[in-house]
Amino acid sequence: MSKYNVLIVGSGGREHALAWKVKQSQHVQNVFVAPGNAGTGMDATNVDLDPADHNAVIQFAKENNVGLVIVGPEAPLVAGLVDALTDAGLRAFGPSKAASELEGSKVFCKNLLRSADIPTADYRTFRSADDASRYIKDRFSEPTDPVNVVVKADGLAAGKGVVVCDTRSEALEAIDRIAARKEFGAAGKELIIEERLTGPEVSVLAITDGETIVTLPPAQDHKPANDGDTGPNTGGMGAYCPAPVLDEETLAKVESSILVPVVHAMKRSRRPFKGVLYAGLMLTPAGPKVLEFNVRFGDPECQPLLMRLKTDLVEVMQAVVDGKLEETGPLEFDPRPAICVVMASEGYPADYEKGHAITGIESADKMENVKVFHAGTQRVDGEVVNTGGRVLGVTAMGDSISAAKLQAYKAVREIRWQGAWCRKDISDKALVTAAKA
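Description of the structure in this document.

Section: the pairing of strand 9 (residues 191-195)
- Among the five residues that make up strand 9, four are buried, leaving the element largely enclosed by the rest of the structure.
- As paired elements, strand 6 (residues 123-126) and strand 9 share four bridges and run antiparallel to each other. Residue pairing across strands places Thr-125 opposite Ile-192, the latter belonging to strand 9.
- Pairing of strand 7 (residues 146-153) with strand 9, which is carried by five bridges, proceeds in the antiparallel orientation. Among the inter-strand pairings, Lys-152 is bridged to a residue of strand 9, identified as Ile-192.

The following block contains the structure:
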């Protein structure tokens, strides 16, 4: 069997998890990660490439026998890296630029959902801060009026362009930040104001070649910074898989009423979707509704998902590229649940300090059923230092969710750097759900 090299584009925890899993494939010789982090440098080979420089990525792939390029983050997908690679005759896993607009523009996504009659929150779109502010002021007369709306920047904002508002003044402040002060740059050229849904959130990821859909076990992310889902939104402070809040019957409903219709709607709009389709859902009293769609593996959901995956991931991705996903059998997962706890830099998600040496990663990695996935790290003068807000994704499996949680936090306690912190309640929602059941 001839082996080939794989190039993974990105530098976060998702890309480290992908590199770790791809390396286990029987088809793979070497794994390159561009630009990678300290962890991918241990499990694979880092390449100093800018994902925004499509020509450099193409040249490296052609010169290094790369048989598959996996584009991890949303920004290069939205910028059309997969299109550029495909046009150059290379095999790339991920959606096209046109299909990636499902995540790149929340306005496009909401309009598609409405046209396809896919359940989602009621919404209005605005092109100016004045119009959006007038809408809020007309509906709510007093500054302390409860409003229960969510204000969203249209474009990519690293998971932070969504503001959940309780009062009129909070909504006006969110509009000012997004559309007037342009806190998220071009992402705020349009914005959405939508009704605030209630219920537990859950992430359902599926792999699709535009015809066949393979749904993965549901996961649950923890977006707010602090315990009890309080504090500002982040890129995700931890996740676990599977999520018992979504039973088999409801998952089947998500497939039939959300995933299948959106793949058909993308095909009808001449934007066929190939890659990972990520539905962020709210389980409302009226049934599952779409909060957002992402066009790639979630980070940190990817870490516990791939820790449990036993099927050769590269074979699945090649089937997607070839449009032959229907020929692959059902994916096999370890029955044990997995939990990822994100360790972050002091100050995150606001300003944070970088460059602190991290100790204890090796001892945590040596623990049974534990893998430490790096996100915001680099190796400097022989030491691993923090370079990002979310630094490590400490991931563990166990015979039960409580056992996986215990092992993950045991591993967290092994790791130290100045200002390191994490949420202490990752997966507690699952324990509550289990207790109710």
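Thoughts on the environment of Thr-86
- Tracing the chain through its elements places Thr-86 in helix 5 (residues 81-87).
- Residue Thr-86 is classed as partly exposed on the basis of its relative accessible area, which comes to 46%.
- Linking Thr-86 and Ser-345, residues 259 residues apart in sequence, is a C-alpha distance of 38 Å.
- In this structure the side chain of Thr-86 is engaged in a polar contact, spanning 2.8 Å, whose partner is the backbone oxygen of Val-82.

Observations regarding the sheet that holds strand 2 (residues 28-35)
- Overall, parallel pairing links the five strands, which are arranged 3-2-1-4-5 in an open sheet. Since the sheet does not close on itself, it has two edges, and those belong to strand 3 (45-46) and strand 5 (92-93), each with one partner.
- Lying over the sheet, helix 12 (residues 313-322) contacts strand 1 (4-10), strand 2, strand 4 (66-71) and strand 5, oriented at roughly 90° with respect to strand 4.

Quick word on the side chain of Thr-167
- Structurally, Thr-167 can be placed in strand 8 (residues 162-167).
- Engagement of the side chain of Thr-167 in a polar contact is seen with the side chain of Ser-169, the distance being 3.2 Å.
- When neighbours within four sequence positions are excluded, Thr-167 is seen to be in contact with Pro-143, Thr-144, Asp-145 and Val-147.

Some points on helix 8 (residues 129-139)
- If you check which residues of helix 8 are buried, you get Ala-129, Ala-132, Ser-133, Tyr-135 and Ile-136. For helix 8, the angular spread of buried residues about the axis comes to 155°, placing them on one side. For helix 8, the exposed residues lying more than 90 degrees away from the buried face are Asp-130 and Asp-138.

As for helix 10 (residues 248-268)
- Taking 1.5 Å of rise per residue, 21 residues should cover 30 Å, and helix 10 covers 29 Å from first to last C-alpha, within 8% of that figure.
- Remark: the principal bend of helix 10, roughly 35°, maps to Glu-255.
- Just downstream of helix 10 lies Arg-270, where phi reads positive at about 60°.

Some details on the packing of helix 6 (residues 97-104) against helix 7 (residues 106-115)
- At their nearest, the axes of helix 6 and helix 7 sit 6 Å apart, and the two run at 95° to each other. Classified by the angle their axes make, helix 6 and helix 7 are roughly perpendicular. For the pair helix 6 and helix 7, contact is made by Glu-101, Leu-102 and Gly-104 and by Lys-106, Phe-108, Cys-109 and Leu-112, respectively.
- Residue classes in the contact of helix 6 with helix 7 are distributed as four nonpolar, one polar and two charged.

Description of the nonpolar core
- In terms of nonpolar packing, the biggest core is built from 76 residues, with Leu-7, Val-69, Leu-85, Leu-102, Phe-293, Leu-392 and Ile-415 touching the most fellow members.
- Considering each element in turn, this core owes the most residues, eight residues, to helix 10.
- Not counting residues up to four positions away in its chain, the partners in contact with Val-69 are Leu-7, Val-9, Ala-61, Leu-85, Arg-91, Ala-92 and Phe-93.

Some thoughts on the sheet that holds strand 16 (residues 275-284)
- Taken together, four strands build an open sheet; the order of strands is 11-10-16-17 and the sheet is antiparallel. The sheet terminates laterally at strand 11 (213-215) and strand 17 (287-294), the two strands that pair on one side only. In this sheet, adjacent strand axes meet at a mean angle of 35° when their direction is disregarded.
- Note that strand 16 and strand 17 share seven bridges and pair antiparallel. Considered in strand 17, the bridge of Thr-284 is made with Gly-287.

Comments concerning the environment of Arg-196
- Along the chain, Arg-196 turns up in the loop between strand 9 and strand 10 (201-208).
- Expressed as a C-alpha distance, the spacing of Arg-196 and Leu-113, which sit 83 residues apart in the sequence, is 17 Å.
- Not counting residues up to four positions away in its chain, the partners in contact with Arg-196 are Asn-148, Val-149, Val-150, Val-164, Cys-165 and Asp-166.
- A distance of 2.3 Å separates the side chain of Arg-196 from the side chain of Asp-166, its partner in a polar contact.

What about the packing of helix 8 against helix 9 (residues 168-180)?
- Where helix 8 contacts helix 9, the axes come no closer than 9 Å and their chain directions differ by 170°. The orientation of helix 8 relative to helix 9 falls into the category roughly antiparallel. Judged by residue contacts, Ala-129, Ala-132, Ser-133, Ile-136 and Lys-137 of helix 8 engage Arg-168, Ala-171, Leu-172, Ile-175, Ala-179 and Ala-180 from helix 9.
- Of the residues in the contact of helix 8 with helix 9, the class split is eight nonpolar, one polar and two charged.

Concerning the pattern of salt bridges
- In total, this model carries 25 salt bridges according to the counting rule given.
- When the shortest N-O distance is used, the salt bridge between Glu-15 and Arg-14 registers 2.6 Å.
- On the basis of relative accessibility, which here comes to 1%, the residue Glu-15 falls in the buried class.
- Of the charged contacts, one joins Asp-428 and Lys-405 as a salt bridge, the two residues approaching to 2.6 Å between their closest N and O atoms. In this pair, Asp-428 sits in helix 15 (residues 428-436) while Lys-405 sits in helix 14 (residues 401-414), placing the two residues 23 residues apart along the sequence.
- Connected via shared salt-bridge partners are Arg-14, Glu-15, Glu-74, Glu-103 and Arg-296.

Cut-offs applied
- Residues numbered from 1 in each chain as written.
- Predicted model: local features only at pLDDT ≥ 70, side-chain atom pairs only at ≥ 80, totals over all residues.
- Heavy atoms only, no water.
- Buried < 20%, exposed > 50% of the residue type's maximum accessible area, 1.4 Å probe, protein only.
- Helix = DSSP H or I, 4+ residues; strand = E, 2+ residues; numbered from the N terminus.
- Pairing = 2+ DSSP bridges.
- Polar contact = N/O pair within 3.5 Å; in protein donor to acceptor, adjacent residues only side chain to side chain.
- Contact = heavy atoms within 4.5 Å.
- Axes fitted to C-alpha atoms, helices over the stretch in contact; angles between N-to-C directions.
- Arc of directions from axis to C-beta.
- Expected span 1.5 Å × (residues − 1).
- Bend = angle between axes of the 7 residues up to and from the residue.
- Parallel < 35°, antiparallel > 145°, perpendicular 65-115°, else oblique.
- Nonpolar A, V, L, I, M, F, W, Y, C, P; charged D, E, K, R; others polar.
- Core = buried A, V, L, I, M, F, W, Y, C linked by side-chain atoms within 4.5 Å.
- Salt bridge = Lys/Arg side-chain N within 4 Å of Asp/Glu carboxyl O.

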